[in-house]
Amino acid sequence: MTPEQIEQLFTRTDGSYAFARWGRPIVPVVFGVEDETLKVVKGAVEAVATLAGAQMDELDGELGANLMFFFFRDWDELLDVPDLGRLIPDLEPLVGRLKAANASQYRAFRFDNDHAIQAAFVFLRMTGEMADIPAETLALSQAVQVIVMWGDQAFSETSPLAVLPETGATILRPEIAGVIAAGYDRMMPAVASDKSHALRLFARLQGAR
């Protein structure tokens, strides 16, 4: 990847550059699925966290769990989730906007005082095309998209995943895996708003070859 391509991964629609990684161990919890799918989702999070070098834990002292996945069929179901409105500001108007846009997914982040990721919430409406995606593929895709804060359009045209032609297995694209690992390098900052950060990521990718 070129420095410009890496920069675009963390550039928001207003042109600003914003990178953030987790500032605490990740503690995932999954709602709305059977035990088999639960294991798939948690396995995907663990795989991506291991790749990144991010820590995982069984309990977050402040929130209990800090990476929450919600699977459902209708956005209105979120309004019935106890205490979710305390975690997601303006939940009711947000649900209205997502319904109007016929959205199939939404992710929200909370940040600590240093602006590193403190918590993330993943909402997946399992209807239409979304319901046809294999659980392993869906779980890996979502795990990748919450391991760091990407730009708004980072994967709008190209998926972070690829399919191996030999086996048909879905994997994380090597260049995206490299960017994630570089972003979690212990010498790199947990948060960055200057585009020079992309150059530092690029340099680490070259050094990893």
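Refer to the preceding data block for the structure.
The present account deals with the structure reproduced in this document. (Residues numbered from 1 in each chain as written. Predicted model: local features only at pLDDT ≥ 70, side-chain atom pairs only at ≥ 80, totals over all residues. Heavy atoms only, no water.)

**A few points about the side chain of histidine 197**
Turning to step 1, where the next piece is worked out: Residue position: histidine 197 is located in helix 8 (residues 196-207).
Turning to step 2, where the next piece is worked out: Judged by relative accessible area, histidine 197 falls into the buried class, the value being 3%.
Turning to step 3, where the next piece is worked out: Excluding residues within four positions of it along the chain, histidine 197 makes contact with Tyr17, Phe19, Met188, Pro189 and Ala192. (Helix = DSSP H or I, 4+ residues; strand = E, 2+ residues; numbered from the N terminus. Buried < 20%, exposed > 50% of the residue type's maximum accessible area, 1.4 Å probe, protein only. Contact = heavy atoms within 4.5 Å.)

**A look at the pattern of salt bridges**
Turning to step 1, where the next piece is worked out: Following the criterion strictly, the structure yields eight salt bridges and no others.
Turning to step 2, where the next piece is worked out: In this structure, the salt-bridge partner of aspartate 60 is arginine 24, at a minimum N-O distance of 3.0 Å. Note that aspartate 60 is positioned in the loop between helix 2 (35-52) and strand 3 (67-72) and arginine 24 in the loop between strand 1 (19-20) and strand 2 (28-31), a separation of 36 residues in sequence.
Turning to step 3, where the next piece is worked out: We note a salt bridge from aspartate 185 to arginine 204, for which the minimum N-O separation is 3.4 Å. Here aspartate 185, found in the loop between helix 7 (174-183) and strand 8 (191-192), pairs with arginine 204, found in helix 8; they are 19 residues apart in sequence, far enough to count as distant.
Turning to step 4, where the next piece is worked out: Residues joined by salt bridges that share partners form a network here, namely Arg24, Asp60 and Glu62. (Salt bridge = Lys/Arg side-chain N within 4 Å of Asp/Glu carboxyl O.)

**Quick look at the sheet that holds strand 4 (residues 105-111)**
Turning to step 1, where the next piece is worked out: Read from one edge of the open sheet, four strands run 2-3-5-4, paired in mixed fashion. Edge positions in the sheet fall to strand 2 and strand 4, since each has one partner strand and no second. Strand-to-strand, the axes of this sheet are offset by a mean angle of 10 degrees, without reference to chain direction.
Turning to step 2, where the next piece is worked out: Pairing between strand 3 and strand 5 (residues 117-125): six bridges, direction parallel. Each residue of the ladder has a partner; that of phenylalanine 70, found in strand 5, is phenylalanine 123.
Turning to step 3, where the next piece is worked out: Contacting strand 2 and strand 3, helix 2 crosses the sheet at an angle of about 150 degrees to strand 2. (Pairing = 2+ DSSP bridges. Axes fitted to C-alpha atoms, helices over the stretch in contact; angles between N-to-C directions.)

**A word on helix 7**
Turning to step 1, where the next piece is worked out: Where burial is concerned, most of helix 7 is hidden: seven out of the 10 residues are buried.
Turning to step 2, where the next piece is worked out: Here helix 7 has its buried residues at Ile176, Ala177, Gly178, Val179, Ile180, Ala182 and Gly183.
Turning to step 3, where the next piece is worked out: Summarising the contacts, the buried residues of helix 7 are in contact with helix 1 (3-9), strand 1, helix 2, helix 6 (135-147), strand 7 (170-172) and helix 8.

**A few points about the pairing of strand 4**
Turning to step 1, where the next piece is worked out: The sheet contact formed by strand 4 and strand 5 spans seven bridges and is antiparallel. Paired with alanine 108 across the two strands is phenylalanine 121, which belongs to strand 5.

**Some words on the environment of phenylalanine 69**
Turning to step 1, where the next piece is worked out: Mapped onto the elements of the fold, phenylalanine 69 is located in strand 3.
Turning to step 2, where the next piece is worked out: A residue is classified by how much of its surface remains accessible, and phenylalanine 69, at 1% relative accessible area, is buried.
Turning to step 3, where the next piece is worked out: Each C-alpha atom of the pair phenylalanine 69 and valine 29 lies 6.3 Å from the other, and the pair is 40 residues apart in sequence.
Turning to step 4, where the next piece is worked out: Filtering out sequence-adjacent residues up to four positions away, phenylalanine 69 remains in contact with Val29, Val30, Phe31, Val41, Val45, Val122 and Gln142.

**Some thoughts on the side chain of asparagine 66**
Turning to step 1, where the next piece is worked out: Within the secondary structure, asparagine 66 is located in the loop between helix 2 and strand 3.
Turning to step 2, where the next piece is worked out: A relative accessible area of 0% means that asparagine 66 is categorised as buried.
Turning to step 3, where the next piece is worked out: Within the structure, the side chain of asparagine 66 is placed 3.0 Å from the backbone oxygen of proline 25, a separation counted as a polar contact.
Turning to step 4, where the next piece is worked out: Those residues in contact with asparagine 66 that lie beyond four places of it in its chain are Trp22, Arg24, Pro25, Ile26, Val27, Asp60, Gln118, Ala119 and Ala120. (Polar contact = N/O pair within 3.5 Å; in protein donor to acceptor, adjacent residues only side chain to side chain.)

**Remarks on the environment of leucine 124**
Turning to step 1, where the next piece is worked out: The topology assignment puts leucine 124 in strand 5.
Turning to step 2, where the next piece is worked out: Judged by relative accessible area, which is 1%, leucine 124 ranks as buried.
Turning to step 3, where the next piece is worked out: As a C-alpha pair, leucine 124 and glutamine 105 span 19 residues in sequence and 4.6 Å in three-dimensional space.
Turning to step 4, where the next piece is worked out: Not counting residues within four places of it along the chain, the set of residues in contact with leucine 124 comprises Phe70, Phe71, Phe72, Ser104, Gln105, Met130, Leu138 and Gln142.

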